[in-house]
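One letter stands for each residue in the lines below.
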Amino acid sequence: MSAGLTLQALRKQPWAFAGPFVTQCLAAALVSGALGADSSLSRARLDPAARRALTESQIPEMAVLFVVVSVYLTALIVGLTMTSSIARQGRDIALVRAVGATPGRVCRAVAAQAAVVAVPATVLGVPLGALLAHVWLAGLTGHGVIPPGVTFHPSAAALPAALGITVGASLVGALVAAVRPARVRLATALIETSVSPRRVSMVRTAIGVVFVAGGVVLSILIANGDRAKADGSSLFTMLALCVGAGFLGPVLLRLTAPLARLFGGTGAMAADNLAVRAKALSGALVPLVLAIAFAMVKVVAHTTSVHVRGAPEPAAQVWTEYSGTAVYVAFAAVAAVNTLVTVLLARRRELAVTRLVGASRLRMLAVIVCEALMVTVTALLVGTVVAMVTLVPMLHGILGTWMPYLPPGQLAVGLAAVIGLVLLGTVVPALVAMRRPPVESLAVDP
């Protein structure tokens with residue numbers, strides 16, 4: 001029966017697993033590429049002078065840090081995207097429970113879905129990561145950052161490590177999403193899954209507060225600590241704050257949702273939708289905040305350095321720092337879009353019913369745009385706070401200034417990029433979902 005439930009879910013909702021598949025593929029590439037780069041640097045056959053030059057470049061330490069961050073981001077984001085996909089099946093899980101499926105059988109079926117998606121995605125992502133690592137090392141050699149003798153050597157641990165991380169994170173995320181509908185009493189299963197919960201988990205909120213407090217404390221320690229370690233330590237400040245923001249996501253979205261009411265009746269509908277779906281949409285906040293914070297920290301650190309010192313940084317140094325950050329930002333951005341698309345497509349039935357009772361396609365699109373703007377505002381505010389808490393102590397430790405600097409032109413480009421990202425994940429799938437007549441949508445997605 002578990003195999004039947006798995007096949008039925010994959011056939012009925014292939015689009016719901018497309019996002020996790022892409023995210024897991026990129027996650028495997030991230031882990032594989034980081035391990036490949038670290039392996040290539042450690043196994044390079046160099047003479048003593050070249051090895052000393054490589055060590056002084058601090059690229060080996062950067063490669064090790066890439067491995068740690070890649071594992072961290074992969075486990076976090078893959079788990080979130082799979083949780084969002086399985087949560088979509090709450091009603092179906094309640095139905096199979098109502099006809100006799102045990103909680104254990106449901107959990108086994110959900111775990112099988114996660115594995116069926118994660119394994120091929122990982123197998124596809126590992127060679128992609130090897131290619132990315134090869135390109136990165138070639139770029140470092142071409143810019144004179146590392147000796148020419150460093151060539152790419154694939155890591156034997158890439159495939160098993162990527163499989164362990166992506167499949168493990170997917171299983172955890174899937175089971176977390178399935179545990180409540182699988183264990184709920186049969187008499188109330190369908191009622192509970194048909195109504196989105198409004199209550200905010202106190203445990204989740206407490207965990208978020210702990211992570212945020214830990215990030216703030218680490219930031220204070222960096223400000224008063226060793227300047228040489230400020231750059232590396234600040235990364236862990238940012239990661240702690242981002243995870244905390246993810247746990248606090250429903251609370252943050254409900255705090256910003258009332259701002260939508262400034263747009264009249266359309267905004268009021270958007271505010272109500274955001275309040276109901278705060279938990280689902282909070283899954284997109286973590287990758288969005290990560291993308292904003294990663295990009296802002298690196299760009300502002302560079303522009304502030306140029307502004308304070310009055311001289312541009314060496315091109316090789318800029319390329320080295322930006323190339324690594326760009327990979328993380330792209331990964332987080334794709335994960336955010338995937339999560340937003342999954343949440344939006346899960347609302348096809350709701351959109352169809354609303355149109356049947358008189359709402360026009362244009363009105364529904366305006367509501368979705370308003371929701372997207374509120375998600376964007378929340379992500380920008382949280383991402384900026386995370387970036388500033390991370391960045392200001394680092395700037396003080398490295399440059400001796402408390403004032404970050406970002407030219408208005410680059411700020412405008414960043415705002416446009418975030419708005420475009422959220423609209424891509426909400427408005428585009430909404431247009432696709434509303435192309436067919438609402439009656440047909442109800443028949444396809446009952």
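No experiment lies behind these values; they were computed from the predicted model shown.

Definitions and cut-offs
Residues numbered from 1 in each chain as written. Predicted model: local features only at pLDDT ≥ 70, side-chain atom pairs only at ≥ 80, totals over all residues. Heavy atoms only, no water. Helix = DSSP H or I, 4+ residues; strand = E, 2+ residues; numbered from the N terminus. Expected span 1.5 Å × (residues − 1). Bend = angle between axes of the 7 residues up to and from the residue. Phe/Tyr/Trp six-rings, centres within 6.5 Å; stacked < 30°, edge-to-face > 60°. Buried < 20%, exposed > 50% of the residue type's maximum accessible area, 1.4 Å probe, protein only. Salt bridge = Lys/Arg side-chain N within 4 Å of Asp/Glu carboxyl O.

Trainee: Is there a simple way to explain helix α16 (residues 361–399) in this structure?
Mentor: Structurally, the α-helix is built with 3.6 residues per turn, so residues lying three or four positions apart point the same way. Along its 39 residues, α16 runs 53 Å from first to last C-alpha, staying within 8% of the 57 Å computed at 1.5 Å per residue. Most pronounced at Leu391, the bend in α16 amounts to some 25°, and the proline Pro393 follows within four residues. The first or second residue beyond α16 is Gly400, which carries a positive phi of 75°.

Trainee: Looking at this model, I keep getting lost on the packing of aromatic side chains. Mind explaining?
Mentor: Each aromatic ring pair is specified by the distance between its two centres and by the angle formed by the two planes. Enumeration over the complete set of coordinates arrives at 2 aromatic pairs. Summarising the aromatic geometry, the rings of Phe211 and Phe247 are spaced 6.0 Å apart at their centres and angled 10° between planes, so their arrangement reads as stacked. Of this pair, Phe211 sits in helix α9 (residues 202–223) while Phe247 sits in helix α10 (residues 230–247); the two residues are 36 residues apart in sequence, bridging distant segments of the chain. You can call Phe211 partly exposed: its relative accessible area is 31%.

Trainee: Is there a simple way to think about the environment of Ala223 in this case?
Mentor: Position of Ala223 among the secondary structure elements: in helix α9. Note on Ala223: relative accessible area 17%, which makes it buried. In this structure, the C-alpha to C-alpha distance between Ala223 and Thr390, residues 167 residues apart in sequence, is 9.8 Å.

Trainee: Looking at this model, I keep getting lost on the pattern of salt bridges. Mind explaining?
Mentor: In a structure, side chains of opposite charge can pair up when their charged atoms sit close to one another. Using the criterion set out here, one finds 1 salt bridge in the structure. Taking the shortest distance from any N to any O, the salt bridge between Asp272 and Arg261 comes out at 2.8 Å. Here Arg261 lies in the loop between α11 (249–256) and α12 (264–276) and Asp272 lies in helix α12, a separation of 11 residues in the sequence. When its relative accessible area of 37% is taken as the criterion, Asp272 is described as partly exposed.

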